[in-house]
Amino acid sequence: MAKIPYPGHHARPPSGNPTLSAKTIEEPARKIPLYGEYEIVVLGGGPAGIAAAVAAARGGRRTLLIERYGFLGGMGTAAGVTNFCGLHANVYGQMHRVVRGIASELLARIDRLDGINAPHLILGKILAQAYDTAAYKIAADDLLASHRVDVLFHALGAGVVMHDERRVHALMVETKAGRRAVTADVFIDCSGDGDLAAWAGARHEVGDRQGHMLYPSMMFRLNGVDPARAGDAWRTIPALMEKAEAAGTHRFPRKAAIVRPQRSPIEWRVNFTQLAREDGSAISGLEPDDLTRGEIEGRRQAVAAFEFLRTVPGFEKSYIVDLPPQLGIRETRRIVGLYLLSGEDVLDCASFDDSIGVNGWPMESHVAGDVIFKFPPIPQSRGFNELPYRMLIPEGLDNLLVAGRCASMTHEGQSAARVSGACFAMGEAAGTAAAMALDGNAVPRDIAVDKLQDRLKQQGAFIGRGQPIPGGL
Ligand SMILES: Cc1cc2nc3c(=O)[nH]c(=O)nc-3n(C[C@H](O)[C@H](O)[C@H](O)COP(=O)(O)OP(=O)(O)OC[C@H]3O[C@@H](n4cnc5c(N)ncnc54)[C@H](O)[C@@H]3O)c2cc1C
């Protein structure tokens, strides 16, 4: 296939900050209609936001979840991830599902829609679980409705108005009806990008010490695979890729391609691509021109990957059934909170007095041309680290919590705890903590953590701290 040239004449070339210009336009001050006054507002409807909103509403608080798309699931649906990681841990060689609570309620709903696979083994060491995006979206709608969470779709968070430098007063959202304001007593930033926290002035980091972020990928799914002929193709594809590269018939943007069957064995997900700027650094999910390049180049790479996959036995008659609504972004801003979960915490299976949940996923670093996994010792270790409440609390802000992939972690820590399982756990803890803070007329930072831990356990969550490890998958 002919190489599609980089975005064409109409997009600017991506660089460090391509859209910055000395020219500005003054926007006249205006009165913004109030959409609503809430006790708790959650920005973003990915795994962290879903769990945060359900937990906040379950805590008896009037809760609004705001999402820019018309459906929930975050990267899990919008970027076509279609696979839960981090729900399980390899505990001394035995697999356990260690993320429970609200995640279990969502999984049960997806299962009732017949939309989830049995867990499958990854790298011979850990489990993941594939699902249908349609079932995830429907199950998440139903979960939020059953807890009376108000939802505002098609609303892009666009800025904040502060009470003072420590307290957010209102979140501004852009809707088809124009700009609207939403007030809340406590806000929870589950935007994945730390948008709300950054607007509120929270300190944050991007990338590793040199600013390198995990590379994004454009996921896609194939239909029409012949499952009998394809067999365990995920085992043979890496060697076939090496052969094709050696023969000079194909070139691939990265190693470690993941090609696995979904709920229906004729449908397979493909995690094969890697999106870079012209200088080789990762496309930034915070830069509009980078995102534009990433979407177009991502689709080009998907077609190139598909052309290779059609040479694999069982894939000859397959076709691309879905290119997701957006490029998959793994890492952007990470808020600096009262504790930064680190790579050592993950590898050492760290414990914390203020644990609110656990992460059993290894470090998974999407570096230039490759994906590098680092596991805690298996089977010698318990295979999961605890997640401290402090990683949800940004420095210097009193009525804001942050959960999910933008929570307080180092670049290395985030490469592990960014996956869905830990995001569900962080979201449930943040929503529960926000409601408890309002019950006690306290700021979230000052709530009694032992009471938060008790509440989470009563809700069915597993938080470590010597709690019996749940049996079953
Ligand atoms: C290509 C790829 C493959 C992955 N593979 C896996 C996998 O196999 N298994 C796994 O568990 N994890 C995987 N991950 C990681 C995982 O999907 C994400 O890290 C996880 O979804 C993060 O959850 P979150 O809730 O923190 O944020 P997100 O899932 O990013 O959700 C954030 C939500 O906020 C919304 N939002 C953002 N900004 C605004 C705004 N300003 N206004 C309104 N709404 C906003 C977004 O639309 C989105 O719905 C993968 C990620 C990528 C990119």
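Colleague: Would you mind showing me how to read the overall build of the protein here?
Modeller: A tally of helices and strands in the protein yields 12 helices and 22 strands. For the protein, the C-alpha radius of gyration of 22 Å lies close to 23 Å, the compact-globule estimate for 473 residues. Along the longest, intermediate and shortest principal axes, the C-alpha atoms of the protein span 65 × 60 × 40 Å. Contacts in the protein between residues at least 24 apart in sequence constitute 74% of all its contacts with a sequence separation of at least 6. As displayed, the protein has an accessible area near 19400 Å², and 51% of this comes from carbon and sulfur atoms. If you average the places of the 52 positive and of the 53 negative side-chain charges in the protein, the two averages end up 3 Å apart.

Colleague: Which parts of the structure should I look at to understand the environment of I50?
Modeller: With respect to the helices and strands, I50 occurs in helix 1 (residues 47–58). What makes I50 buried here is its relative accessible area of 0%. As a C-alpha pair, I50 and E428 span 378 residues in sequence and 8.4 Å in three-dimensional space.

Colleague: Whenever I open this one, unusual backbone geometry confuses me. Can you help?
Modeller: Peptide bonds are trans in most cases, and residues, glycine excluded, mostly fall at negative phi. Each neighbour pair has its own omega, and for I378 with P379 the value is 10 degrees, a cis peptide bond. Unusually for a residue other than glycine, R148 sits at a positive phi of about 60 degrees. For R148, the position within the fold is in the loop between helix 4 (133–146) and strand 8 (150–152). Exposure remark for R148: the relative accessible area of 73% places this residue in the exposed category.

Colleague: Mind showing me how you'd approach helix 4 here?
Modeller: Think of an α-helix as turning once every 3.6 residues; residues three or four places apart then point the same way. In a regular helix each residue adds 1.5 Å, so 14 residues correspond to 20 Å; helix 4 covers 20 Å between its end C-alpha atoms and thus fits that length. Inspection of helix 4 places T133, A135, Y136, A139, A140, L143 and L144 among the buried residues, and these make up the whole buried set. All buried residues of helix 4 fall inside an arc of 155 degrees around its axis, so they share one side. Looking one or two residues beyond helix 4, the residue adopting positive phi is R148, at roughly 60 degrees.

Colleague: It is not clear to me how the pattern of salt bridges should be interpreted in this structure. Could you clarify?
Modeller: Side chains that differ in sign of charge can pair as their charged atoms come close. The tally for this structure, following the rule as stated, stands at 29 salt bridges. Of the charged contacts, one joins R61 and E39 as a salt bridge, the two residues approaching to 2.8 Å between their closest N and O atoms. Placement of the pair is R61 in the loop between helix 1 and strand 2 (63–66) and E39 in strand 1 (residues 34–43), with a sequence separation of 22 residues. Judged by relative accessible area, E39 falls into the partly exposed class, the value being 22%. For R390, the salt bridge identified is with D354, shortest N-O distance 2.8 Å. Pair noted here: R390 is in the loop between strand 21 (385–388) and strand 22 (400–402) and D354 is in the loop between helix 9 (343–347) and strand 18 (355–359), with a separation of 36 residues, a long-range link.

Colleague: How do you make sense of the sheet that holds strand 14 (residues 258–261) when you look at a structure like this?
Modeller: Within a beta sheet, neighbouring strands are joined by backbone hydrogen bonds and run either parallel or antiparallel to one another. Read from one edge of the open sheet, 4 strands run 14-15-13-16, paired in antiparallel fashion. Two strands close off the open sheet at either side, each with one partner strand: strand 14 and strand 16 (319–322). Geometrically, the sheet is characterised by an average inter-axis angle of 35 degrees between neighbouring strands, direction not taken into account. Two strands pair when backbone bridges link them, and strand 13 (residues 220–223) and strand 16 are joined in this way by 3 bridges, in the antiparallel orientation. Paired with L222 across the strands is I320, a residue of strand 16. In this fold helix 8 (residues 288–309) packs onto strand 13, strand 14, strand 15 (268–271) and strand 16, with an angle of close to 35 degrees to the strand it touches most, strand 13.

Colleague: What is the right way to look at the packing of aromatic side chains in this model?
Modeller: The way to describe two aromatic rings as a pair is by their centre distance and the angle between their planes. Summed over all chains, the structure comprises 13 aromatic pairs. Plain terms: the ring middles of F252 and F272 are 5.6 Å apart, the flat faces sit at 55 degrees to each other, and that makes the pair tilted. Here F252 is found in the loop between helix 7 (233–247) and strand 14, whereas its partner F272 is found in the loop between strand 15 and helix 8, with 20 residues between them in sequence. In terms of burial, F252 and F272 fall into one category: buried. Here Y339 and F352 contribute two aromatic rings whose centre-to-centre distance is 5.0 Å and whose plane-to-plane angle is 65 degrees, an arrangement assigned as edge-to-face. Residue Y339 is located in the loop between strand 17 (333–335) and helix 9, and its partner F352 is located in the loop between helix 9 and strand 18; the two are separated by 13 residues in the primary sequence. Overall, F352 belongs to the buried group, its relative accessible area being 7%. An aromatic cluster is present here, built from F84, Y131, Y136 and F424 joined pairwise through their rings. Above the plane of the ring of Y38 lies R62, whose end atom (NZ or CZ) is 4.2 Å from the centre.

Colleague: Even after reading the chapter, I still don't get the sheet that holds strand 3 (residues 83–85), so can you show me in this structure?
Modeller: The 3 strands lie next to each other as 3-7-6, forming an open sheet whose pairing is antiparallel. Edge positions in the sheet fall to strand 3 and strand 6 (120–122), since each has one partner strand and no second. The sheet shows a mean angle of 40 degrees between the axes of neighbouring strands, direction not considered. As paired elements, strand 3 and strand 7 (residues 126–130) share 3 bridges and run antiparallel to each other. Bridged to N83 within strand 7 is A130.

Colleague: Quick question: what am I supposed to make of the site of the ligand here?
Modeller: Taken together, 34 residues surround the ligand, and among them E67, N83, G157, R418 and S420 come closest. For the ligand, an oxygen atom lies 3.0 Å from a polar atom in the backbone of A48. Contact distances for the ligand include 2.7 Å between a nitrogen atom and a backbone N or O atom of N83. Protein coverage of the free-state accessible area of the ligand, which is 1000 Å², stands at 97%. Listed by contribution, the elements that provide at least two residues to the shell around the ligand are helix 1, strand 3, strand 9 (156–164) and helix 11 (420–439). At 3 residues, strand 3 tops the list of elements feeding residues into the shell around the ligand. Its residues assigned to classes, the shell around the ligand shows 15 nonpolar, 13 polar and 6 charged.

Colleague: What exactly am I supposed to notice about the packing of helix 1 against helix 4 here?
Modeller: The description of two helices packed together rests on the angle between their axes and the distance between the axes. Relative to each other, helix 1 and helix 4 sit at 20 degrees, their axes nearing to 10 Å. Compared by their axis directions, helix 1 and helix 4 come out roughly parallel. The crossing of helix 1 and helix 4 is left-handed. Contacts between helix 1 and helix 4 pair P47, I50 and V54 from the former with Y136, A140, L143 and L144 from the latter. Looking at the contact of helix 1 with helix 4 residue by residue, the classes come out as 7 nonpolar, no polar and no charged.

Cut-offs used in this document
Residues numbered from 1 in each chain as written. Predicted model: local features only at pLDDT ≥ 70, side-chain atom pairs only at ≥ 80, totals over all residues. Heavy atoms only, no water. Helix = DSSP H or I, 4+ residues; strand = E, 2+ residues; numbered from the N terminus. Rg over C-alpha atoms; globule rule 2.2 N^0.38 Å. Contact = heavy atoms within 4.5 Å. Areas by Shrake-Rupley, 256 points an atom, 1.4 Å probe, with all protein chains shown as cover. Lys, Arg positive; Asp, Glu negative; His and termini not counted. Charge placed at Lys NZ, Arg CZ, Asp CG, Glu CD. Buried < 20%, exposed > 50% of the residue type's maximum accessible area, 1.4 Å probe, protein only. Expected span 1.5 Å × (residues − 1). Arc of directions from axis to C-beta. Salt bridge = Lys/Arg side-chain N within 4 Å of Asp/Glu carboxyl O. Pairing = 2+ DSSP bridges. Axes fitted to C-alpha atoms, helices over the stretch in contact; angles between N-to-C directions. Phe/Tyr/Trp six-rings, centres within 6.5 Å; stacked < 30°, edge-to-face > 60°. Lys NZ or Arg CZ within 6 Å of the ring centre and 35° of its normal. Near = heavy atom within 4 Å. Polar contact = N/O pair within 3.5 Å; in protein donor to acceptor, adjacent residues only side chain to side chain. Nonpolar A, V, L, I, M, F, W, Y, C, P; charged D, E, K, R; others polar. Parallel < 35°, antiparallel > 145°, perpendicular 65-115°, else oblique. Left-handed = near helix turned anticlockwise from the far one by under 90°.

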